[in-house]
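Descriptive analysis of the structure
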Amino acid sequence: MREIEFDVVVKAVKDMIMHCGTDLPQDTYDALKAAMEAEKSPVSKEVIRQILENANIAKDEKRPLCQDTGLAVFFVKVGEDVRIKGGLLRDAINKGTEEGYTEGYLRASTCEPFSRLNLKDTVGYNLPAIIHFDIVSGDKIDIEYAAKGGGSENVSRAKVLPPAAGKDGVVEFVKEVISDAGGNPCPPITVGVGIGGTFERAVISSKHALFRDLETTHEDPEMAELEERILTEINNLGIGAMGMGGTKTALAVHIESNPCHIASLPVSVNVQCHSSRHTHITI
Amino acid sequence: MATYTLTTPLTSEDTKKLVAGDTVLLNGTIYTARDAAHKRLVELIEAGEELPFDLEGSVIYFVGPTPPKPGDPIGSAGPTTSYRMDTYSPTMLKHGSKGMIGKGKRNQAVKDACVEYDGIYFGATGGAGALLGKQIRSAEVIAYPELGPEAVRKITVEDFPVTVVNDTKGNDIYQMGRAQYEVKD
């Protein structure tokens, strides 16, 4: 049984949060640059230029890319042959989150649902983090982190379609969600689509799909084709960068598909804004 | 599409010349307020009480900035999604406010209020918090400090870049731009 010190996890989580807050991932930067060059609308082109300039300023001056530094979302794979020495893994991730958001001058965006107050001794400092655990073989801990902002999260939706709706039904639903969202989720966006499983499996899959590198296509050619079809249909909506009208509304569509019940076809859409702050480490 | 440089407070003369799609570089004092602060401000207006700042000609920025790093007046400060302020904005415009800065579409009531009271809804680039924060020269919390990032701040901006989304004639750049680039089957 391998042992990992509690503080090692805390520091790793803190570092990934602080790095993500200021440094846009290279795949996202490259995709935005390509989108700016391909964009036909001059207004949208200028918006994407500002987005790229913002990324340069944030990286050079270590300023948060966006004022909405999001809720901390983690997907954690824990090897069966590893244990944390000196505390619980969940507590280490939460402590790293608190330290990362505080020391990185990132915004604490959590509040109590009805009073809307950010109470620092209870739910402040962006606690508790949203953590999805999975048990796997091996003696390592694999942590994926995303800062999930409210603007793009708010337009996300899920629905259970009748099985007869098929691929066309999925395409129509995703189009409807993105069309209704317009400029609100800060396009150019990345669209995560969770298909199958149960209602909650589809939702979690749609969020996890957003972690895939933008240049990577789906390993299943049939799913890759469906991703391409949805991407084209979204870009045909004409929404453009920040909704100003244009040809580049989405950078990519990523699908995660799961086996589902014979009576159901769950589908979920989780939207990621252009400030796609995500990273991954293995301890 | 023209580019203007304007200084707050704005007058009807300033706002009536702006057309959806125009670029404006804003200068002067503006005020920050988002969800919880708007609720309180409108409650004060409805109770006939004094507001923490003069609404006449004011521009309200829908933003909840990050904490400032030592030596900086403010942290990153990009716009938040505006529709959550739709309930409150017509009242603010009716009582003298002339401009709003946010991102995303507004409802018909807000657009109608812009026409009726010579108001403008400006869009700033969402997520460009580092870039926009650098155009803010000073910042001071003037009300509701307990709301944290949602507190009302008096800020001074220099050449703060915005685009006219809804003008005083009822135009909407989101609808116009989308209609221009939509590909129909």
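What counts and how
Residues numbered from 1 in each chain as written. Chains lettered and ligands numbered in written order. Predicted model: local features only at pLDDT ≥ 70, side-chain atom pairs only at ≥ 80, totals over all residues. Heavy atoms only, no water. UniProt positions renumbered as here; feature names shortened; annotations may be inferred. Helix = DSSP H or I, 4+ residues; strand = E, 2+ residues; numbered from the N terminus. Expected span 1.5 Å × (residues − 1). Contact = heavy atoms within 4.5 Å. Polar contact = N/O pair within 3.5 Å; in protein donor to acceptor, adjacent residues only side chain to side chain. Phe/Tyr/Trp six-rings, centres within 6.5 Å; stacked < 30°, edge-to-face > 60°. Buried < 20%, exposed > 50% of the residue type's maximum accessible area, 1.4 Å probe, protein only. Buried area = accessible area lost by both parts, 1.4 Å probe. Salt bridge = Lys/Arg side-chain N within 4 Å of Asp/Glu carboxyl O. Nonpolar A, V, L, I, M, F, W, Y, C, P; charged D, E, K, R; others polar. 1 Å grid on protein atoms, 1.4 Å probe; cavity = no way out; pocket = protein on both sides within 12 Å on 5 of 7 lines; lining within 4 Å. Points joined across faces, edges and corners; volume = space filled by probe spheres on them.

Chain B has the name Fe-S-containing hydro-lyase in an unreviewed UniProt entry, where Sulfurovum xiamenensis is given as its organism. As stated in UniProt under Sequence similarities (unreviewed entry), the record for chain B gives "Belongs to the class-I fumarase family."

Going by an unreviewed UniProt entry, chain A carries the name Fumarate hydratase and comes from Sulfurovum xiamenensis. Recorded in UniProt under Sequence similarities (unreviewed entry), the annotation for chain A is "Belongs to the class-I fumarase family."

Along its 20 residues, helix H3 (residues 42-61) of chain A runs 28 Å from first to last C-alpha, staying within 8% of the 28 Å computed at 1.5 Å per residue. On the buried face of H3 of chain A, the contacting elements are helix H1 (6-22) and helix H2 (26-38) of chain A together with helix H5 (129-133) and strand S7 (152-166) of chain B. Sitting at the amino-terminal end of H3 of chain A is Ser 41 of chain A, which places a side-chain oxygen 3.3 Å from the backbone nitrogen of Val 43 of chain A. Positive backbone phi, approximately 50°, marks Lys 62 of chain A, located one or two places after H3 of chain A.

Here the focus is the packing of aromatic side chains. Residue and element names in this part refer to chain B. One pass over the full model with this rule turns up four aromatic pairs over all chains. On the numbers, 5.3 Å between centres and 70° between planes, the contact of Tyr 61 with Phe 160 is edge-to-face. Placement of Tyr 61 in strand S3 (residues 59-61) and of Phe 160 in strand S7 is noted, with a sequence separation of 99 residues between them. For the pair Tyr 61 and Phe 160, one class covers both residues: buried.

For the rest of this paragraph, the subject is the interface of chain A and chain B. Where interface size is quoted, it is often the accessible area lost as the parts come together. Counting residues at the interface gives 44 residues for chain A and 45 residues for chain B. Overall, the association of chain A and chain B removes approximately 3,500 Å² of surface from exposure, summing both partners, and the carbon and sulfur fraction of that is 55%. Ranking the residues of chain A by area buried against chain B places Gln 67, Tyr 105 and Met 244 of chain A at the top, with a combined share of 20%. The tally of links from chain A across to chain B stands at two salt bridges. Two residues, Glu 61 of chain A and Lys 134 of chain B, come together in a salt bridge whose shortest N-O distance is 2.6 Å. Between chain A and chain B we count 21 residue pairs in polar contact (both at pLDDT 80 or more) in total. Where the side of chain A that touches chain B is concerned, the elements lending two or more residues are H3 and helix H6 (166-181) of chain A. In terms of residue count, H3 of chain A provides more of the side of chain A that touches chain B than any other element does, ten residues in total. Its residues placed into classes, the side of chain A that touches chain B shows 19 nonpolar, 18 polar and seven charged.

Unoccupied space between atoms shows up once a probe the size of one water molecule is rolled over them. Computed from the structure, the largest pocket encloses a volume of approximately 1,000 Å³. Around the largest pocket, the lining comprises 48 residues; the ones closest to its centre are Arg 107, Ser 109, Arg 116 and Gly 150 of chain A together with Arg 34 of chain B. Among the elements of the structure, strand S2 (71-79), strand S4 (130-136) and helix H5 (150-153) of chain A together with helix H2 (35-46) of chain B are those that each provide at least two residues to the lining of the largest pocket. Top element by residues in the lining of the largest pocket is H5 of chain A. It accounts for four residues. Classifying every residue of the lining of the largest pocket gives 16 nonpolar, 18 polar and 14 charged.

According to UniProt, the feature "domain: Fe-S hydro-lyase tartrate dehydratase beta-type catalytic" (unreviewed entry) maps to residues 6-176 of chain B in the numbering used here. Across residues 6-176 of chain B, the secondary structure splits into 25% helix and 27% strand, with the terminal C-alpha atoms separated by 24 Å.

What follows covers the side chain of Lys 14 of chain A. With respect to the element layout, Lys 14 of chain A can be found in helix H1. Setting aside residues up to four positions removed in sequence, Lys 14 of chain A forms contacts with Gly 96, Glu 99, Gly 100 and Glu 103 of chain A.

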